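Structural characterization, general
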Amino acid sequence: MQNRAESPAVSLDHGRRPEPQFPPGIAYIDGDYVPISQARISILDWGFLRSDATYDVVHVWRSRFFRLDRHLDRFFSSVAKLRMSLPVDRAALTEILRQCVRRSGLTDAYVEMICTRGNSPTFSRDPRDAANRLICFAIPFGWIADDAQRQRGLSIAISSVVRLPPSSVDPTVKNYHWLDLVRALYEAYDRGAENVVLVDQKGEITEGPGFNIFAVADGTVVTPPGGVLLGITRQSVLDICSELGIAARTGALMAVDLPSADEVFITSTAGGVMPVTRIDDRAVGSGRVGPITARIHDRYWAHHDDPDWSTPV
């Protein structure tokens, strides 16, 4: 019997992609502190497979956490609403966040805390079988808007994409259900805009990818009342308006009316108070950063040294 020819060796290297690059920083996962580049989760974690997770982000500016207690309040509330549990109490979580920042050596940082559903040892479809997981990390402070955009004001679009309704996904629980937001972002980019805000089924303005939105009309500051994340920076702006004697309220903002506002700005932990000067390629007000936006912006950053608003790392 004739010997079969030996099969050629099969290479499993189908063209390796370059190694991913990571920002500097430190992560806490499964009880250990590791460099960001070494942080790993299981591919069976429901946070990865199903976006079954909640999170919160607090920033550190000049080595001080800004409104940390407010972020912790919201995080613990979100965890409870999703019927998950954390392996640590509030004091221990605070120390973990501090250690992430201290070990990173950062003075200005973006600090995230995450609770995922985790995974079941048997790959059960029952969420009650999953062991919930806590992950925290600190990386350099990140901005929604770059330097030039913050100086001149952002150009945004009002998307035709409808925001996920609160009856389906509770927007007061900070979550990773971002596909509507990402779809809207691409629509905005295709229209030449830099960012985007979404509407609800009634045509009312809701929020954008990681930010709340405000309009100023006749001296009054207005932000949507519901169907949005109740942002910590959003509340900070309402508090600042009270301090400065600026009229402010929550109320419906119709998509058809937003471009006619005197001023528009967005708010986020990732950047604070950021002006919007163009909507759907149309100038907002004078087309420049408005005086009320500027006053709120300046007071917001002044509070970062205020011990009533910030705590040392």
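Residues numbered from 1 in each chain as written. Predicted model: local features only at pLDDT ≥ 70, side-chain atom pairs only at ≥ 80, totals over all residues. Heavy atoms only, no water.

One pass over the structure, following the stated rule, counts 2 cavities of 30 Å³ or more. Lining the largest cavity we find Arg163, Leu164, Val169, Asp170, Pro171, Asn175, His177 and Glu207. Its volume calculated, the second largest cavity comes out at about 40 Å³. As for the second largest cavity, its lining consists of Asp262, Glu263, Val264, Pro275, Val276, Thr277, Val284, Arg288, Val289, Gly290 and Thr293. Listing elements by their share of the lining of the second largest cavity, those giving two or more residues are β12 (263–268) and β13 (272–279). If you tally residues by element for the lining of the second largest cavity, the top one is β13, at 3 residues. Residue composition of the lining of the second largest cavity, by class: 5 nonpolar, 3 polar and 3 charged. (1 Å grid on protein atoms, 1.4 Å probe; cavity = no way out; pocket = protein on both sides within 12 Å on 5 of 7 lines; lining within 4 Å. Points joined across faces, edges and corners; volume = space filled by probe spheres on them. Helix = DSSP H or I, 4+ residues; strand = E, 2+ residues; numbered from the N terminus. Nonpolar A, V, L, I, M, F, W, Y, C, P; charged D, E, K, R; others polar.)

Below, the discussion takes up the pairing of strand β6 (residues 131–140). Burial analysis of β6 places 7 of its 10 residues in the buried class, which makes it a mostly covered element. With 9 bridges joining them, strand β5 (residues 109–119) and β6 adopt antiparallel strand pairing. If you follow Thr116 over to β6, its bridge partner there is Arg133. (Buried < 20%, exposed > 50% of the residue type's maximum accessible area, 1.4 Å probe, protein only. Pairing = 2+ DSSP bridges.)

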